[in-house]
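Okay, here's what each chain looks like letter by letter:
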Amino acid sequence: MTHTARLRAAAVVLTAALALSACGTGTEQDGAGGGEPGAAASSPAETVKIATGVDTQTRVLAHLYQQRLAADGVAATVVDVGSSREQIFAALRDGRATMVPDFTGDLYVYARQHELPDAQRPGASPTPSADASEGTDAPRGLLDSLGQFLGITGETGPSEDDVYRALPQVLPSGLQVLDSSPAQRTDRMVVTAATDAQYSLGDMNSAGKQCGKLSVGMPSGYADSAQGTRGLKAYYRCSPRSAHEYGSTDELVDALLQDKVQAAVLKSSEPVIQDEGLVVLDDPDRLFRPEREVVLSSQTLSDSATASVNAVSADLSSEDLSTITRLAGGEHPAMSPEKTAAYVRDRPR
């Protein structure tokens, strides 16, 4: 059975469980916020417009925040303003959106690259150009190097707190980040239990010693990034036997399970890690940039809405992100974003 088939089978079980539990619950939110008593009392001008964000997880999270806001008496609606950060930032700045769920590392890199002139950016020295790093193994010279942006020039990359604290410094005027969530989906290198036992792995330092024997699978466009082959070599002296890119997570996972590659770079929230008992290699030098869930919003967001949003973020877990991918991900999702959000919202904590 392929990874895709296993994922669908697990999703069917969860869907059936939700259907049974729904018999005793009230009406689902439709995403417009109109079904709650508090929403009817709010004027249209006060409606919180939640952008769906960049991918499936942020789309489901947008509905999760909308449902909580509506339950707390704050009028809220989910809006689709596009799935690129360029489109989302434009919508936040011109009022077509009020807030959006995102992840700290990617958000920081985008804001750092696109929103502030060089003279206003933090750090004592300008960022080197991409050309300056050609032919070197140092990932910090590349445009997507978070450590370079943050001015970290030591032997380790930035921590979760480093990234979150730096975000306000690079956001355009009028935008803010709310409380960060414990939920995270940071990239990780994973191997099967058999490969882990064969090579006595456990962390990236051990993998570096065996790297010449391993083929590594990565998402499309990843190998040449700061976290790809150059980063592996610079941080862990890891020069893989080969690096292969795959167009989808399903293809990458199937290649790993069939031993076409012996290691793979996956988001830590991928359900297959638990389903297949994959071993996540520790990343002590923090090659992979932190990706913790956070809400980016307009500074016009009310105090009551902010409190509701922060409460949702505080309750969110990495397990919830895995559940979202299981139920709403793939070409044929088991649930709609709205129903997935309701399932996550009602899970026992």
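Sequence order as written defines the numbering, with residues in each chain counted from 1. Residue-level local features of this predicted model are given only where pLDDT is at least 70; pairs of side-chain atoms are given and counted only at 80 or more, and the full residue set underlies all totals for whole chains, interfaces and linings. Hydrogens and waters are ignored; side-chain quantities use all the structure's heavy atoms.

**A few points about the pairing of strand β7 (residues 242-246)**
- Here strand β6 (residues 215-219) pairs with β7 via five bridges, running parallel. When the bridges of β7 are listed, Ser215 appears paired with Ser242.
- With the strands aimed away from the viewer, a crossover counts as right-handed if its path from the first strand over the helix to the second runs clockwise. By definition, any uninterrupted DSSP run of H or I lasting at least four residues is a helix, any uninterrupted run of E lasting at least two residues is a strand, and each is numbered from the N terminus. At this point the chain moves from β6, through helix α10 (residues 229-236), to the parallel β7, and the crossover so formed is right-handed. DSSP bridges decide pairing: two strands pair if at least two such bridges lie between them.

**Section: the environment of Ile88**
- If you trace the backbone, Ile88 turns up in helix α4 (residues 85-94).
- Burial classes: relative accessible area under 20% of the type maximum marks a residue as buried, over 50% as exposed, and values in between as partly exposed (1.4 Å probe, protein chains only). The class for Ile88 is buried, based on a relative accessible area of 3%.
- Sequence-wise, Ile88 and Gly53 are 35 residues apart; in three dimensions their C-alpha atoms are separated by 7.1 Å.
- We call two residues in contact whenever any of their non-hydrogen atoms come within 4.5 Å of each other. Discounting residues that sit within four places of it in the chain, Ile88 has contacts with Gly53, Val54, Val81, Gly82, Ser83 and Val100.

**Things to note about the sheet that holds strand β8 (residues 263-267)**
- The five strands lie next to each other as β7-β6-β8-β5-β9, forming an open sheet whose pairing is mixed. At either end of the open sheet lies a strand with only one pairing partner, and these are β7 and β9 (279-280).
- Here the axes come from fitting lines to C-alpha atoms, over the contacting stretch only for helices, and the angles between their N-to-C directions go from 0 to 180 degrees. Relative to β8, helix α11 (residues 249-257) is tilted by about 145°, and along the sheet it contacts β5 (187-191), β6, β7 and β8.

**Looking at the packing of helix α3 (residues 56-71) against helix α14 (residues 318-328)**
- In the contact formed by α3 and α14, the axes pass within 9 Å of each other and the chain directions differ by 105°. It follows from the interaxial angle that α3 and α14 lie roughly perpendicular. For the pair α3 and α14, contact is made by Thr56, Gln57, Val60 and Leu61 and by Leu321, Ile324, Thr325 and Ala328, respectively.
- The residue makeup of the contact of α3 with α14, split by class, is five nonpolar, three polar and no charged. Just so you know how the angles are binned, under 35 degrees is roughly parallel, over 145 roughly antiparallel, 65 to 115 roughly perpendicular, and the rest oblique. All amino acids are sorted into three groups, where Ala, Val, Leu, Ile, Met, Phe, Trp, Tyr, Cys and Pro are nonpolar, Asp, Glu, Lys and Arg are charged, and the leftover types, Gly among them, are polar.

**Describing the nonpolar core**
- The definition of a nonpolar core used throughout is a set of buried Ala, Val, Leu, Ile, Met, Phe, Trp, Tyr and Cys residues joined through side-chain atoms within 4.5 Å. Ranked by size, the top nonpolar core spans 26 residues in total, and within it Val48, Ile50, Leu61, Tyr65, Leu69 and Met99 carry the most contacts.
- Counting only elements with at least two residues in this core, the list comes to β1 (48-51), α3, β2 (76-79), β3 (99-103), α13 (303-315), α14 and α15 (337-346).
- Those residues in contact with Met99 that lie beyond four places of it in its chain are Val48, Lys49, Ile50, Ala51, Tyr65, Leu69, Leu92, Val295, Leu296, Ser297 and Val309.
- Of all hydrophobic cores here, the second largest spans 22 residues; its members include Tyr110, Val170, Leu171 and Val294.

**A look at the side chain of Ser322**
- Structurally, the position occupied by Ser322 is in helix α14.
- Excluding its chain neighbours within four sequence positions, the residues that come into contact with Ser322 are Ser269, Glu270 and Pro271.

**Let's talk about the pattern of salt bridges**
- The term salt bridge refers to a side-chain nitrogen of Lys or Arg lying within 4 Å of a carboxyl oxygen of Asp or Glu. For the structure on display, the rule yields 14 salt bridges.
- With a closest N to O distance of 1.9 Å, Glu160 and Arg292 form a salt bridge. Here Glu160 is found in helix α7 (residues 160-170), whereas its partner Arg292 is found in the loop between β9 and β10 (293-298), with 132 residues between them in sequence.
- With its nearest N and O atoms 3.1 Å apart, the salt bridge here joins Arg347 to Asp320.

**A closer look at the packing of aromatic side chains**
- In this scheme Phe, Tyr and Trp rings, the latter by its six-membered ring, pair at centre separations within 6.5 Å, and the angle between planes marks the pair as stacked below 30 degrees, edge-to-face above 60, and tilted otherwise. For the structure on display, the rule yields one aromatic pair.
- With 5.0 Å between their ring centres and 55° between their planes, Phe89 and Tyr110 make a pair best called tilted. Of this pair, Phe89 sits in helix α4 while Tyr110 is found in helix α5 (residues 104-114), placing the two residues 21 residues apart along the sequence. Take Phe89 and Tyr110: they sit in the same class, and that class is buried.
- One residue, Arg185, lies across the ring of Phe103, its end atom 3.7 Å from the ring centre. Over a ring means this: the NZ of a Lys or the CZ of an Arg is within 6 Å of the ring centre and within 35 degrees of the ring normal.

**Examining unusual backbone geometry**
- For Arg237, which is not a glycine, the phi torsion comes out positive at approximately 50°.
- Looking at where Arg237 falls in the secondary structure, it is placed in the loop between α10 and β7.
- A relative accessible area of 74% places Arg237 in the exposed class.
- Although it is not a glycine, Asp259 sits at a positive phi angle of roughly 65°.
- On the secondary structure map, Asp259 appears in the loop between α11 and β8.
- Judged by its relative accessible area of 47%, Asp259 falls in the partly exposed class.

**Overview of the pairing of β3**
- A large share of β3 lies buried, amounting to five of its five residues.
- Note: β3 against β10, five bridges, orientation antiparallel. Bridge pairing in β10 places Phe103 opposite Glu293.

**A word on the environment of Gly82**
- In this fold, Gly82 is placed in the loop between β2 and α4.
- Classification of Gly82 as buried rests on a relative accessible area of 16%.
- Sequence-wise, Gly82 and Thr52 are 30 residues apart; in three dimensions their C-alpha atoms are separated by 7.9 Å.
- The residues contacting Gly82, other than those within four sequence positions of it, are Gly53, Gln87 and Ile88.

The quantities given are spatial measurements derived from coordinates; they are silent on function.
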